[in-house]
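Report on the structure
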Amino acid sequence: MTARRPISLIATALCLCFIQSYCIAQDKSNVQFGKVSPADFNLPSNPIIDSNTDAVILADVGSVHFVGNKHGWFSYVYKKQTRIKIINKKSIEDVATQKVVLYGSDKEEGVETLSAVAATTYNLENGQVNATQLDKQDVYTSRIDKQLTEKKFTLPAVKEGSIIEYTYTITSDFDFNLPSWEFQSESYPCLWSEYQVKIPQTLSYIFIRQGVHRYAVDKGKEGYESFEVREKKELGGALSAQDESFFVSANTVEHQWAMKDIPALRSENYLTTPKNYIDKIDFQLSKRNTGQESFDHYNSWKKATEELLHREDFGGPLAEDNDWLTDLVNKIGGSDPSAQEQARSIYYYVCRHFTCTNGYDKYITTTLRDVVKKNSGSVGDINLLLIAMLRKKGWQADPVVLSTREYGYNLISYPVLGKLNYVIVRLKLEGKIWYLDASRPNLGFGRLPGYCYNGHARIISDRDSASIYFEADSLKEKKVTLVILQSTDKGLEGQYQSTLGDQESYNLRSWISEKGEKPWFNNIQTAYGDDLTISDGGIDSLSKPEYPAKVHYDFRLNQEPGASLIYIN
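Residues numbered from 1 in each chain as written. Predicted model: local features only at pLDDT ≥ 70, side-chain atom pairs only at ≥ 80, totals over all residues. Heavy atoms only, no water.

When helices and strands are tallied, the protein chain shows nine helices and 27 strands. By the burial criterion, 47% of the 569 residues in the protein chain qualify as buried. Of the roughly 28800 Å² of accessible surface on the protein chain, 47% is carried by carbon and sulfur atoms. (Helix = DSSP H or I, 4+ residues; strand = E, 2+ residues; numbered from the N terminus. Buried < 20%, exposed > 50% of the residue type's maximum accessible area, 1.4 Å probe, protein only. Areas by Shrake-Rupley, 256 points an atom, 1.4 Å probe, with all protein chains shown as cover.)

Structure follows, in structure tokens:
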């Protein structure tokens, strides 16, 4: 920000800059946060609440407004308030523990902070409401990586029948990452969900609506506000220890959305990605206006690709020489003349020597040197390292960014980088294209985990950047099972053989690598119960991820003596 005087900005005709209004009679929640009466424990009769409901979200209210910060610009302030009624104790573990992830560190110019954390559990005992409050000492902090911190708290004294209520505030310097809002839950019905934003028109956002339910409230208005902004003084080319304050005046856009009586989004058979259908709003910064200059921000895939290629935590390290990798790559590739076999060797080396510690971060969280030193990192660390190693062989390898199924669809027409949580590798070699993911060691060369098959993805390249599609329907899973039964002097005995498809083979290998082969067969025996006894179990090709896994075992039916009929399912 270079302005030193008040500025007044004209309204920009983007998605958030309109005054269209629609609302029904109720435009706010009936819940008064901080006040619970005995009557509040009685749930209203409502078709969205049935015998399978484990908890009900009574009210979920969020808001965002902006304040001036000490970096000469704006920070947003996000506040969330939620009240939930516990019906079944099965929901306690899920709803009573809340986690908040914050981005940034004190060493950076930008940071996110958590404040005003408050949580209370209300229990109705002998007609009286007893409140148990969260001790502020019970908000725990853990470092995920150098950029991400997790804050966690668990509400006290929660039991079946409790009402829990919590609130917190996040102040963030990262205006590009305005929080999205989910009106609908995948697990619990919600009686009232509301989101309000108030944005200075120095910032313009595109918002993306998803879902099928109508808004109970959808209204907006324009306003005007003056913001106090601070930044360091410049004294003779050096920064002063003192801040200089000035005021920025700007038009504002205010909008309120609310939904009422939203059923839980129950997962159905063949519904691969519930997040793609949930009622929600996402935001993407499209433009910054300082009063003197205007800057577009990720408003096209071309622009987003250029910025990603130059980011020091994404494309920047790939453009470096990385000569320190040469000896390692040559040693791994060996003397095999086949380029494809050398690529396989490099891929499997990365798979088997590096542990993925965060499967939802497309960026380099440290440095490539540090990743090699620690033999671990995020999915971004590992797959971008693989790209750097493949490029040392002179091959074209590029990152591909995508949104996994749990994050929902990403837009084809407009880049919302916050929804792109995953990165894989595209390798062009000897006239073929391979898509690789070295963060999952049981996949096999040229295979991707099922959660990557979520539609649109984007190749990030300075030569041939383009959209590609990993559709869920393109996953073809073939499984062949053979059961042989024979009558012996010990009764009915037989052999079971099942050759699994690619995804089921991957899931099996992942399970076995974590828990072991013996527990796998113990679970099979437990599932059969007393009807059948298995023996001599084994799994072929466990260590060969490009081959289908084959499960086999012998069995004996434990039939009743003299039984004339046996039913086999």
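Enumeration according to the criterion identifies 19 salt bridges in this entry. Here Asp-60 and Lys-80 are joined by a salt bridge, their closest N and O atoms 2.8 Å apart. Of this pair, Asp-60 sits in strand 2 (residues 55-68) while Lys-80 is found in strand 3 (residues 74-86), placing the two residues 20 residues apart along the sequence. Take Asp-60: its relative accessible area is 9%, and that puts it in the buried class. The partner of Lys-159 in a salt bridge is Glu-125, with the nearest N and O atoms 3.4 Å apart. Here Glu-125 lies in strand 5 (residues 112-125) and Lys-159 lies in the loop between strand 8 (148-154) and strand 9 (163-172), a separation of 34 residues in the sequence. Owing to a relative accessible area of 39%, Lys-159 belongs among the partly exposed residues under this scheme. (Salt bridge = Lys/Arg side-chain N within 4 Å of Asp/Glu carboxyl O.)

Turning our eyes to something else, we now look at a nonpolar patch on the surface. Judged by side-chain polarity, Val-483, Leu-485, Ile-566 and Ile-568 come together as a nonpolar surface patch covering roughly 350 Å² of accessible area. The topology assignment puts Leu-485 in strand 24 (residues 480-488). Classification of Leu-485 as partly exposed rests on a relative accessible area of 38%. (Patch = residues over 30% accessible without salt bridge, like charges linked within 9 Å, V, L, I, M, F, W, Y side chains within 5 Å.)

In this section: unusual backbone geometry. Within the chain, Asn-126 stands out as a residue other than glycine whose phi angle is a positive 55°. With respect to the helices, strands and loops of the structure, Asn-126 is situated in the loop between strand 5 and strand 6 (128-133). Look at Glu-430: it is not a glycine, yet its phi comes out positive at around 50°. Structurally, Glu-430 is set in the loop between strand 20 (422-429) and strand 21 (432-436). Residue Glu-430 is classed as exposed on the basis of its relative accessible area of 56%.

Soluble globular proteins: nonpolar side chains tend toward being buried together. Counting 48 residues, the largest nonpolar core has Phe-66, Tyr-168 and Phe-283 as the members making the most contacts within it. Core analysis: the second largest hydrophobic core is formed by 44 residues, Val-329, Trp-395, Trp-434 and Tyr-506 among them. (Core = buried A, V, L, I, M, F, W, Y, C linked by side-chain atoms within 4.5 Å.)

With that out of the way, let us pick up the sheet that holds strand 4 (residues 97-103). Strand order across the open sheet formed by three strands is 4-8-7, with antiparallel pairing between neighbours. A strand with exactly one partner marks an edge of an open sheet, and here the two such strands are strand 4 and strand 7 (140-143). Neighbouring strand axes in the sheet, compared pairwise and without regard to direction, differ in orientation by 25° on average. (Pairing = 2+ DSSP bridges. Axes fitted to C-alpha atoms, helices over the stretch in contact; angles between N-to-C directions.)

Another aspect to go through is the packing of helix 4 (residues 326-333) against helix 5 (residues 339-353). Their axes nearest at 8 Å, the elements helix 4 and helix 5 cross at an angle of 115°. On the basis of their axis angle, the class for helix 4 and helix 5 is roughly perpendicular. Like other packed secondary-structure pairs, helix 4 and helix 5 cross with a definite hand, here right-handed. Counting all contacts with helix 4, which are made through Leu-328, Val-329, Ile-332 and Gly-333, the residues of helix 5 involved are Gln-342, Ser-345, Ile-346 and Tyr-349. Of the residues contributing to the contact of helix 4 with helix 5, the split by class is five nonpolar, three polar and no charged. (Parallel < 35°, antiparallel > 145°, perpendicular 65-115°, else oblique. Left-handed = near helix turned anticlockwise from the far one by under 90°. Contact = heavy atoms within 4.5 Å. Nonpolar A, V, L, I, M, F, W, Y, C, P; charged D, E, K, R; others polar.)

This brings us to the layout of surface pockets. Considered as a void within the structure, the second largest pocket measures approximately 470 Å³ in volume. Forming the boundary of the second largest pocket are 18 residues, of which Asp-531, Leu-532, Leu-557, Tyr-567 and Ile-568 lie nearest the centre. Along the lines of polarity and charge, the residues of the lining of the second largest pocket split into 13 nonpolar, three polar and two charged. (1 Å grid on protein atoms, 1.4 Å probe; cavity = no way out; pocket = protein on both sides within 12 Å on 5 of 7 lines; lining within 4 Å. Points joined across faces, edges and corners; volume = space filled by probe spheres on them.)

Another aspect to go through is the packing of helix 8 (residues 502-515) against helix 9 (residues 517-528). Where helix 8 contacts helix 9, the two axes come as close as 7 Å, and the packing angle between them is 115°. In this view, helix 8 runs roughly perpendicular relative to helix 9, as classed from their interaxial angle. When helix 8 is examined against helix 9, the residues Leu-508, Trp-511, Ile-512 and Lys-515 are found in contact with a partner set consisting of Glu-517, Pro-519, Trp-520 and Asn-523. Looking at side-chain class alone, the contact of helix 8 with helix 9 contains five nonpolar, one polar and two charged residues.

For the rest of this paragraph, the subject is the sheet that holds strand 24. Strand order in this open sheet of four strands is 24-25-27-26, and the pairing throughout is antiparallel. At either margin of the open sheet sits one strand with a lone partner, and together these are strand 24 and strand 26 (532-540). Across this sheet, the average inter-strand angle for adjacent strands is 15°, counted without regard to direction. Sheet topology note: the strand 25 (residues 491-499)/strand 27 (residues 550-557) ladder contains seven bridges and is antiparallel. Looking at the pairing, Thr-499 lines up with Lys-550 of strand 27. The sheet contacts of helix 9 involve strand 26 and strand 27, and relative to strand 26 the element is tilted by about 150°.

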